[in-house]
Amino acid sequence: MINISEKVQLKEVLKLDTETLFMLMKEVYPSTYQHFWKDKGDWYVNTVYAAQNIEKELLEPNANYYFIFYKGAIVGNFRILWDHKLKGLENKKSVKLHRVYLHPKTHGKGIGKSLLTWLENTAKNKGYELVWLDAMDEQPQAFQFYKKQGYQYHSHQFLDFELLHDHVRKMSQIYKEI
């Protein structure tokens, strides 16, 4: 366990945890993103959090995958990709926050802020210069949160998932120099 704060910890996701992660995301993901999808997000959860995909992601070099615990209960997941460059800023030693999902019941409790602070401090101590992530443009509260934490817009792309509604396809890359 990695202690982030008195109430927040990270625990590494292991191969034997794939079912736990899948069940967690069947609850967490749709509550925030179901309106983005024609199938309410089933395809995304069933594909991204399928045991075979998680096992593959766990084998990726320079990646860390964690469960997020709050007051002793699993409330989300957090995935980091070390040495993952942001196009146009390849000269910076960069880390990508690949995934962070929190159960809606935990929103507003400072968990996201403490996770970002931990990631930025850990990255800085390892000699990294930049933290970046992809954020869905149709989640304005997320953009406001990251902006408050000092992140800025860099670029964007459009997702081509067949079941994604057209008006929510834009995803921006945002970053912070640390």
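So, here's what we can say about the structure. This one's a predicted model, so the numbers in the text were calculated from it and none came from an experiment.

1. Section: the nonpolar core
Item 1. I68, F78 and L119 are the most contacted members of the largest nonpolar core, which totals 27 residues.
Item 2. Apart from residues lying up to four places away in sequence, F78 is in contact with L10, N64, Y65, Y66, I68, L97, R99, V100, L115, W118 and L119.
Item 3. Counting residues in hydrophobic clusters, the runner-up holds 24 residues, among them L21, Y49, I54 and V168.

2. Re the side chain of Q139
Item 1. Along the chain, Q139 turns up in the loop between strand 6 (130-136) and helix 5 (140-148).
Item 2. Overall, the relative accessible area of 6% leaves Q139 in the buried class.
Item 3. Leaving out residues up to four positions away in the same chain, Q139 has contacts with T32, Y33, H35 and F36.

3. As for the layout of surface pockets
Item 1. Roughly 1200 Å³ of internal volume is contained in the largest pocket.
Item 2. Along its surface, the largest pocket is lined by 43 residues, and Y33, V100, Y101, D134 and Y146 are the ones closest to its centre.
Item 3. Sorting the residues of the lining of the largest pocket by element identifies helix 1 (18-33), helix 2 (42-48), strand 5 (94-102), helix 4 (111-125), strand 6, helix 5 and strand 8 (170-177) as the ones contributing at least two each.
Item 4. Here the element with the most residues in the lining of the largest pocket is strand 5; it accounts for 7 residues.
Item 5. Residue composition of the lining of the largest pocket, by class: 27 nonpolar, 11 polar and 5 charged.

4. Observations concerning the pairing of strand 3 (residues 63-70)
Item 1. Counting buried positions along strand 3 yields 6 of 8 residues, so the element is predominantly enclosed.
Item 2. Summarising the sheet, strand 2 (residues 8-12) and strand 3 pair through 5 bridges and their orientation is antiparallel. Paired with Q9 across the two strands is F69, which belongs to strand 3.
Item 3. Pairing analysis gives 8 bridges linking strand 3 to strand 4 (residues 73-82), with the strands arranged antiparallel. Across the sheet, the residue bridging to A63 is L81, located in strand 4.
Item 4. Two successive antiparallel strands, strand 3 and strand 4, enclose a turn made up of 2 residues, where K71 displays a positive phi of approximately 50°.

5. Considerations on the pattern of salt bridges
Item 1. According to the stated counting rule, one finds 9 salt bridges in the structure shown.
Item 2. K92 serves as the salt-bridge partner of E177, at 3.3 Å between the closest nitrogen and oxygen. Of this pair, E177 sits in strand 8 while K92 sits in the loop between strand 4 and strand 5, and the two are 85 residues apart along the sequence.
Item 3. Of the residues examined, E177 reaches a relative accessible area of 45% and is grouped as partly exposed.
Item 4. Where salt bridges share partners, they join E57, E60, R79 and R99 into one cluster.

6. Remarks on the packing of aromatic side chains
Item 1. According to the stated counting rule, one finds 15 aromatic pairs in the structure shown.
Item 2. Ring geometry for Y44 versus Y49: centroids 6.5 Å apart, planes at 70°, classification edge-to-face.
Item 3. Classification of Y44 by relative accessible area gives buried; the value is 11%.
Item 4. Between Y146 and Y151, the aromatic rings sit 5.8 Å apart at their centres with planes inclined by 70°, giving edge-to-face as the arrangement.
Item 5. The class of Y151 is buried, set by a relative accessible area of 5%.
Item 6. An aromatic cluster is present here, built from Y29, Y33, F36, W37, W43, Y44, Y49, Y101 and F161 joined pairwise through their rings.
Item 7. It is K93 that lies over the ring of Y128; its NZ or CZ is 4.6 Å from the centre.
Item 8. Directly above the aromatic system of W82 lies the positively charged group of K126, at a separation of 4.2 Å from the ring centroid.

How each quantity is defined
- Residues numbered from 1 in each chain as written.
- Predicted model: local features only at pLDDT ≥ 70, side-chain atom pairs only at ≥ 80, totals over all residues.
- Heavy atoms only, no water.
- Core = buried A, V, L, I, M, F, W, Y, C linked by side-chain atoms within 4.5 Å.
- Buried < 20%, exposed > 50% of the residue type's maximum accessible area, 1.4 Å probe, protein only.
- Contact = heavy atoms within 4.5 Å.
- Helix = DSSP H or I, 4+ residues; strand = E, 2+ residues; numbered from the N terminus.
- 1 Å grid on protein atoms, 1.4 Å probe; cavity = no way out; pocket = protein on both sides within 12 Å on 5 of 7 lines; lining within 4 Å.
- Points joined across faces, edges and corners; volume = space filled by probe spheres on them.
- Nonpolar A, V, L, I, M, F, W, Y, C, P; charged D, E, K, R; others polar.
- Pairing = 2+ DSSP bridges.
- Salt bridge = Lys/Arg side-chain N within 4 Å of Asp/Glu carboxyl O.
- Phe/Tyr/Trp six-rings, centres within 6.5 Å; stacked < 30°, edge-to-face > 60°.
- Lys NZ or Arg CZ within 6 Å of the ring centre and 35° of its normal.

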